Amino acid sequence: ELGWMSKVYVNRPAVVKHAEEIKKWRTVKGNWQAAWLLKAVTCIDLTTLSGDDTASNVRRLCFKAKHPIREDLLKALDMHDKGITVAAVCVYPARVTDAVNALKAAGCNIPVASVAAGFPSGQTPLETKLAEIKLAVQYGAREIDIVISRSLVLAGQWEGLYEEIRQCRQACGEAHMKTILATGELGSLANVYKASMIAMMAGSDFIKTSTGKEVENATFPVGVVMMRAIKEFYWQTGNKVGFKPAGGIRTAQDAITWLMLVKDELGVEWLTPELFRLGASSLLEDIEKQV
């Protein structure tokens with residue numbers, strides 16, 4: 001529906017001002033803080049995306065995914081029997097089989113997510129992107145995090161972007177698809193809003209801020225704009241699309257602030273792993289420390 005694209009206007013000063021206010025929100029304390037932090041844990045996509053990933057460090061990651069918080073801490077909070085795990089384990093396609101086997105051996109049903117479609121640059125032919133997605137699904141990935149071609153956004157080729165994402169969605173089959181917009185490389189907040197809309201129109205289950213490899217990753221102004229797009233899409237279609245900030249989220253306070261922002265912009269129903277994820281590799285350590 002290209003008519004939606006022509007009407008987009010983003011009041012950047014207002015968005016930036018709102019984002020500055022978000023940073024000043026007071027954190028919750030005591031048991032309330034612990035509750036927010038445990039909620040954050042259940043929404044984490046625990047991630048390793050390094051060139052030196054091996055089968056053994058993926059196994060360690062999967063163990064941490066099943067046991068994200070120490071048992072004695074959970075017992076102290078009377079939460080030891082609530083089955084608290086992270087939402088997913090995210091790896092490169094070549095490590096999907098390792099993750100699937102490790103989680104199966106651990107007897108848990110945490111899904112494996114895989115980045116694909118030319119991650120992180122997106123600078124590969126569409127045929128290669130589709131093949132990579134299909135292989136990741138074949139290896140056992142139940143979620144696919146694709147990355148868009150930024151050039152299509154920067155050139156205003158919205159129909160081309162729609163078609164690329166639509167074909168990626170088709171290649172995912174039964175797997176859930178998260179579409180990474182790489183917002184730090186899109187040039188403007190208006191482009192972020194438009195790319196969000198196109199991604200949702202093309203069938204994305206989630207829209208995600210960043211690969212974590214850009215200079216600028218998840219920021220609150222971008223988060224506000226993407227969530228407003230999700231809200232507008234929901235009003236227009238009745239379809240709820242998930243949101244995933246990723247990159248640079250390292251502290252417990254960061255996690256709580258993102259949760260609060262989602263609650264403020266989209267409502268409590270979005271505060272579930274089905275509609276909200278946090279992309280993080282080192283966040284758990286600080287959350288456990290705060291708990």
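The protein chain goes by Deoxyribose-phosphate aldolase in an unreviewed UniProt entry, where it is assigned to Indicator maculatus. Within the UniProt record for the protein chain, the comment given under Function (unreviewed entry) is "Catalyzes a reversible aldol reaction between acetaldehyde and D-glyceraldehyde 3-phosphate to generate 2-deoxy-D-ribose 5-phosphate. Participates in stress granule (SG) assembly. May allow ATP production from extracellular deoxyinosine in conditions of energy deprivation." The Catalytic activity (unreviewed entry) comment attached to the protein chain in UniProt states, word for word, "2-deoxy-D-ribose 5-phosphate = D-glyceraldehyde 3-phosphate + acetaldehyde".

Visitor: Could you give me a rundown of the pattern of salt bridges, with the residues and numbers involved?
Guide: Counted under the stated rule, the structure contains 19 salt bridges. Measuring nitrogen to oxygen at the nearest pair gives 2.8 Å for the salt bridge that ties Asp45 to Lys244. With Asp45 in strand β1 (residues 44-47) and Lys244 in strand β7 (residues 242-244), the pair connects residues that are 199 residues apart, well separated along the chain. For the pair shown, Asp45 and Lys244 are each scored as buried.

Visitor: Explain the environment of Leu38 residue by residue, including any values.
Guide: Mapped onto the fold, Leu38 is located in helix α3 (residues 30-41). A relative accessible area of 6% places Leu38 in the buried class. When the C-alpha atoms of Leu38 and Val86 are compared, they prove to be 9.6 Å apart, with 48 residues separating the residues in sequence. Leave out the neighbours within four places in its chain, and Leu38 touches Ile69, Leu74, Leu77, Met79 and Ile84.

Visitor: An account of the sheet that holds strand β3 (residues 112-116) is requested, with residue identities and associated values reported.
Guide: Here eight strands make up an open sheet; going across it, the order is β7-β6-β5-β4-β3-β2-β1-β8 and the pairing parallel. Each edge of the open sheet carries a strand with a single partner, namely β7 and β8 (278-280). Direction aside, the axes of adjacent strands within the sheet are offset by 25° on average. Of the strand pairs in this sheet, β1 and strand β2 (residues 88-91) are connected by three bridges, and their pairing is parallel. Paired with Asp45 across the bridge in β2 is Ala88. In the packing of helix α11 (residues 220-237) onto the sheet, the strands contacted are β6 (206-208) and β7, and the crossing angle to β7 comes to about 170°.

Visitor: Residues and numbers for the nonpolar core, please.
Guide: Generally speaking, nonpolar side chains in soluble globular proteins are found buried as a group. Ranked by size, the top nonpolar core spans 95 residues in total, and within it Val89, Ile133, Ile144, Leu161, Trp258, Leu278 and Ile287 carry the most contacts. The residues touching Ile287, leaving out its near neighbours within four places in the chain, are Leu37, Ala40, Val41, Ile44, Ile69, Ala252 and Ala255. The next biggest cluster of nonpolar side chains, apart from the first, holds seven residues, and it includes Cys90, Val115, Val147 and Ile180.

Visitor: How would you explain the packing of helix α4 (residues 55-66) against helix α6 (residues 96-105) if you had to name every residue and give the values?
Guide: Direction vectors running N to C along α4 and α6 enclose 45°, while the axes themselves pass 9 Å from each other. Taken together, α4 and α6 sit at an angle that is classed as oblique. Crossing of α4 against α6: the hand is right-handed. Two secondary-structure elements touch here, α4 through Ala55, Val58, Arg59 and Cys62 and α6 through Asp98, Ala99, Ala102 and Leu103.

Rules and cut-offs
Note that residues are indexed from 1 along each chain, following the sequence as it is written. At least 70 in pLDDT is required for a residue's local features to be given in this predicted model, at least 80 for side-chain atom pairs to be given and counted, and no such filter applies to totals for whole chains, interfaces and linings, which use all residues. With hydrogens and water excluded, all non-hydrogen atoms of the structure serve as input to the side-chain values. UniProt positions are given in the numbering used here, feature names are shortened, and annotations may be inferred rather than shown by experiment. Throughout this description, the term salt bridge denotes a Lys or Arg side-chain nitrogen within 4 Å of a carboxyl oxygen of Asp or Glu. Secondary structure elements are taken from DSSP: a helix is a run of H or I of four residues or more, a strand is a run of E of two residues or more, and numbering for both begins at the N terminus. Throughout, exposure labels follow a simple rule: accessible area from a 1.4 Å probe, protein chains only, divided by the maximum for the residue type, with under 20% read as buried, over 50% as exposed, and the rest as partly exposed. Here a residue-residue contact requires only that any non-hydrogen atoms of the pair lie within 4.5 Å. Two strands pair under a simple rule: DSSP has to find at least two bridges between them. Where helices are involved, their axes are fitted lines through C-alpha atoms of the stretch in contact, as for all axes, and angles between N-to-C directions lie from 0 to 180°. Throughout, nonpolar core names a set of buried Ala, Val, Leu, Ile, Met, Phe, Trp, Tyr and Cys residues whose side chains join them through atoms within 4.5 Å. The scheme is simple: roughly parallel for angles under 35 degrees, roughly antiparallel for over 145, roughly perpendicular for 65 to 115, oblique for anything else. Crossing handedness: left-handed means the near helix sits turned counterclockwise from the far one by under a right angle, and right-handed means the same turn made clockwise.

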